[in-house]
Amino acid sequence: MTLNGWLQIIFFIVVVLLAAKPMGSYMTAVFERRRTHLDPVLGPCERLLYRLTGVDPEEEMRWTQYTVAMLLFSAATLALTYIVERIQQWLPLNPQHLANVESALALNTAISFTTNTNWQSYTPESTMSYLTQMLGLATHNFWSAAVGLALAIAFVRGIARRETKTLGNFWVDLTRGILWVLAPISIVLALALVSQGVVQNFRPYDRAKLVETQKATAADGKITAITTQTIAQGPVASQEAIKMLGTNGGGFFNANSAHPFENPTPLSNFLQMLAIFLLPAGLCITLGQMVGSPKHGWAVLAAMVVLWFAGTFTCYWAESHATPALRGTDARASLTQSGGNMEGKEVRFGIANSALFATVTTDASCGAVNSMHDSFTPLGGMVPMVNILLGEVVFGGVGAGLYGMLVFVVMAVFIAGLMVGRTPEYLGKKVEAFDVQMAMLYLLIFPMLILGFSAITVLMPNLGLSSLANHGPHGLSEIMYAYTSATGNNGSAFAGLNANTHWFNYSLGIAMFFGRFMMIVPMMAIAGSLAAKKSVPASAGTFPVTTSLFTMLLIGVILIVGALTFFPALSLGPVLEHLLMRAGQSF
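Residues numbered from 1 in each chain as written. Predicted model: local features only at pLDDT ≥ 70, side-chain atom pairs only at ≥ 80, totals over all residues. Heavy atoms only, no water.

Undergrad: Explain the overall build of the protein to me, please; I cannot follow it from the model alone.
TA: Each helix and strand counted, the protein has 18 helices and four strands in total. Relative to the globule expectation of 25 Å for 587 residues, the C-alpha radius of gyration of the protein, 24 Å, shows essentially globular dimensions. If one aligns the C-alpha atoms of the protein with their principal axes, the spans along those axes are about 75 × 55 × 45 Å. Burial analysis of the protein (587 residues in total) assigns 58% to the buried set. Long-range pairs, those at least 24 residues apart, make up 78% of the contacts in the protein with a sequence separation of at least 6. Total accessible area on the protein is roughly 23000 Å²; 66% of this is exposed by carbon and sulfur atoms. Each charge sign in the protein was given a centre, from 31 positive and 29 negative side chains, and these centres are 6 Å apart. (Helix = DSSP H or I, 4+ residues; strand = E, 2+ residues; numbered from the N terminus. Rg over C-alpha atoms; globule rule 2.2 N^0.38 Å. Buried < 20%, exposed > 50% of the residue type's maximum accessible area, 1.4 Å probe, protein only. Contact = heavy atoms within 4.5 Å. Areas by Shrake-Rupley, 256 points an atom, 1.4 Å probe, with all protein chains shown as cover. Lys, Arg positive; Asp, Glu negative; His and termini not counted. Charge placed at Lys NZ, Arg CZ, Asp CG, Glu CD.)

Undergrad: Just checking my understanding: could you explain the pairing of strand β1 (residues 206-217) for this structure?
TA: Looking along a regular strand, one sees the side chains alternate between the two faces of the sheet. Of all 12 residues in β1, zero are buried; the element is thus mostly exposed. The pairing of β1 with strand β2 (residues 223-231) spans eight bridges and is antiparallel. Residue pairing across strands places T217 opposite I223, the latter belonging to β2. (Pairing = 2+ DSSP bridges.)

Undergrad: Explain the nonpolar core to me, please; I cannot follow it from the model alone.
TA: If you look at soluble globular proteins, the nonpolar side chains tend to sit buried side by side. The biggest cluster of nonpolar side chains holds 167 residues, and the ones touching the most others in it are F155, F170, W308 and F395. Here this core takes 15 residues from helix α17 (residues 502-531), the largest share from any one element. Each residue touching W308, except ones within four places of it in the same chain, is listed here: I9, F12, I13, F277, L356, T359, V360, D363, V394 and F395. Counting seven residues, the second-largest nonpolar core is a separate cluster that includes V101, L105, A106 and Y122. (Core = buried A, V, L, I, M, F, W, Y, C linked by side-chain atoms within 4.5 Å.)

Undergrad: Before we go on, may I ask you to explain unusual backbone geometry in this structure?
TA: The general pattern is negative phi for most residues beyond glycine and trans for most peptide bonds. Although it is not a glycine, L93 adopts a positive phi angle of roughly 55 degrees. Position of L93 among the secondary structure elements: in the loop between α3 (63-86) and α4 (103-114). Relative accessible area serves as the criterion here: at 35%, L93 is assigned to the partly exposed category. Positive phi, close to 55 degrees, is recorded for N489, a residue that is not glycine. Among the residues examined, N489 registers a relative accessible area of 8% and is labelled buried.

Undergrad: I keep staring at the side chain of S74 and nothing clicks. Help me out?
TA: Note that S74 resides in helix α3. Look at S74 and you get buried, because its relative accessible area is 5%. Setting aside residues no more than four positions away along its own chain, S74 makes contact with T114 and F517.

Undergrad: For this particular structure, what's the right way to read the environment of L71?
TA: The topology assignment puts L71 in helix α3. Sequence spacing of L71 and V147 is 76 residues, and the spatial spacing of their C-alpha atoms is 9.7 Å.

Undergrad: I would appreciate a short explanation of α17 in the present structure.
TA: Since there are 3.6 residues in each turn of an α-helix, residues three or four apart along the chain are aligned in direction. The terminal C-alpha atoms of α17, which comprises 30 residues, lie 43 Å apart, in line with the 44 Å expected from a rise of 1.5 Å per residue. The axis of α17 is deflected most strongly, by about 30 degrees, at F514. Most of α17 sits out of view: 23 of its 30 residues are buried. (Expected span 1.5 Å × (residues − 1). Bend = angle between axes of the 7 residues up to and from the residue.)

Undergrad: Looking at this model, I keep getting lost on the packing of helix α14 (residues 400-420) against helix α18 (residues 548-582). Mind explaining?
TA: The description of two packed helices rests on the angle between their axes and on the distance between the axes. With their axes 9 Å apart at the nearest point, α14 and α18 run at an angle of 105 degrees to one another. If you check the angle between α14 and α18, you find them roughly perpendicular. Note on element contacts: α18 touches α14 through F550, L553, L554, V557, I558 and V561, opposite M405, F408, V409, M411, A412, I415, A416 and M419. Of the residues in the contact of α14 with α18, the class split is 14 nonpolar, no polar and no charged. (Axes fitted to C-alpha atoms, helices over the stretch in contact; angles between N-to-C directions. Parallel < 35°, antiparallel > 145°, perpendicular 65-115°, else oblique. Nonpolar A, V, L, I, M, F, W, Y, C, P; charged D, E, K, R; others polar.)

Undergrad: Even after reading the chapter, I still don't get the packing of aromatic side chains, so can you show me in this structure?
TA: For any two aromatic rings, the description comes down to two numbers: the centre-to-centre distance and the angle of the planes. Here the structure, examined in full by the defined rule, presents 27 aromatic pairs. Ring geometry for W308 versus F309: centroids 6.3 Å apart, planes at 55 degrees, classification tilted. W308 gets classed as buried once you look at its relative accessible area, which sits at 2%. Through successive ring pairs, a cluster of aromatic residues spans W6, F11, F12, F270, F277, W308, F309, F313, Y316 and F395. Taking the ring centre of W180 as reference, the NZ or CZ of R176 above it sits at 4.1 Å. (Phe/Tyr/Trp six-rings, centres within 6.5 Å; stacked < 30°, edge-to-face > 60°. Lys NZ or Arg CZ within 6 Å of the ring centre and 35° of its normal.)

Undergrad: What is the right way to read the packing of helix α16 (residues 472-487) against α18 from this model?
TA: Put simply, α16 and α18 touch, their axes get as near as 8 Å, and they point 140 degrees apart. Classed by the angle they form, the pair α16 and α18 counts as oblique. Relative to α18, α16 is oriented so that their crossing is left-handed. Residues P473, H474, L476, S477 and M480 of α16 touch α18, and the partners they reach there are F566, A569, L570, L572, G573, P574, L576, E577 and L580. A breakdown of the residues in the contact of α16 with α18 according to their chemical character gives 10 nonpolar, three polar and one charged. (Left-handed = near helix turned anticlockwise from the far one by under 90°.)

What follows is the structure, given as C-alpha cells:
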C-alpha cells in the first residue's frame, strides 16, 4: 500500500460524499414532482408519453398494483430483448454479419439485462450486433435501473406516508427516473468519456497488420501463422455511460472496463467509479428528505461508507502483497511480484485503482471490472464476493441498494426494540409481526438461491465441475462467485468459469430472475404495510435512527446476517485457499 494510492482512494470517496447531497436533493424534487430546470424541455415529452400510452399520472397504485405493473413491464422488455437476439442476423447495424444468438444464451442474456445483472456468458464483440447492443442491451440499462429507482422511491413513500393504501404510480416514477435522472447524466458522462478516447462509431471492425508474425497451435497440433488482428469497435461510449450510472455493468467488450476502448485513462476510470456510486449515495439523502429526517439519510449513508472502507482496505492490503509461491530463492523469482500482485491488472490503473474498482463495482450491483477477480489473491478476491453476499446494500444498485438497506433497517429497529422490551418503532411507525416476517423472507431467499445452486453444481462433475479453470478451493470460489453474482444481480465474474453451457445458462438465469423479482414482492409488502400505519409520537423508549449508535447497530445486523450465513462456505473457498497459499500450494 502506498500514500499515493490512499490519497486517490480518499479523494474518490470525498467527491462521492460531496456529490451526494445535490444529487439527492435533485431526485427528491424529481419524484415529488416539484419544478426543476429541465421541466421546460422534459415536461412536454412526459405529457406526450402519458397521452400515447393512456397513463393517468394522477392515479395512485396500491403496493400490489405497483408490483404487478413492474412485473408486466419487465416481462415485456425481457421478451423484446430475447426476440432481438434471436433474429439479429436479419436486422440492420450488423456489419460483422454475426449469427443469431443461441436460444439458451439468448434467454440467459435477456433475463440478465432485465434484472440489472448484466451477466455475460459470451464474448460481446463476437456475439452481439450493434443493434442488439443498443436496442436489446443498452435500453435495458435504462429500464432496469429506472425500475430499481422507482421501487426505492415507492418504499420511501411507504415510510413517509401515513394511513394510506397507495405508494405512487409506477409508470410515472419509471418515466421520471429515465427522463429526469438517467438520460441527462448519461449524455454528459458519454461525452466526457468520448473526450478521454472511449470509442463511439458504427464502423465495421478494422483489421491491422501485425508488426511481428505470431504463431498459434490448434487443438490438433497444427501450427498457424497469424499476421493480422481484428480490432473491434462500435457505439461504446453511449453504452458505457449508462452501464456505470445505472449500476448495470455489462461490457461492450469481453474485457469490460479493462479494455482500452471502454476505459482508456485514469480519468475515465475515476468517472466510471464515481458514476457507480453517484445515484446510490444520492438516494440516501433523498430518503432523509422525503421522510422528513435528513440525519437518518446521513446515518444510512455512513453505514455504507464504513462497510465500503473495510472492503477497500482489505482488498488493497491483500493485493499489495506478493504471492508467496512466487518468492523463491532465485533472484528473478523474488522480484516477480515485488510491488504486489499485478496479475490480471492493467498497468495504467495499478493495484490501488484495481482494488478500489473491484470494491466499488461489487459494493454496488454493477459488475463492471477493470481487472480480473480470478487473478486476485484469495483474500483480495474474497472481498468482492463478500460485498455481494452482504446483500448488495453497501451502496448497492440504483434503487435496489436503498430498498435492500431499508429491509436491514427494519430488522435493526426490530432487534433494538427487543433489547429494551417494547414494540419497535421506525420513524413513527410500529414495526409489527408482518413487517418482520416479510423482512425475513426477503433475507432468506438470497442465501437459499446461492447456496442451493452452488451445492447442486459441485455435485455434478459433467455439468458443473467440467467448466472450471481451477479446482480445489479456488474452483469452489469460482462456482460460488457465479451464483452470488447472479442472485445479487451484480454480473461480475471470477473469469475462470466457462458459464456458456446449458446448465449454467439456465441455472444462472433462474438465480438472476428470482434474485431480483422474488425479493421485490416481500419488500413491497413491507412498504404497503408501513404506508397504512398510523404515526406514533416518539417517546423516551423510541430508538433514534439518526445517531452513530444506530449506524453501528445497522452495520452489525448486516454483518451478522450476511457474513455469518456464508462463513462456512467462505471457509472452504477463499479462506482455505489463503491458508494453503501461505503453505506454498496454489490452484
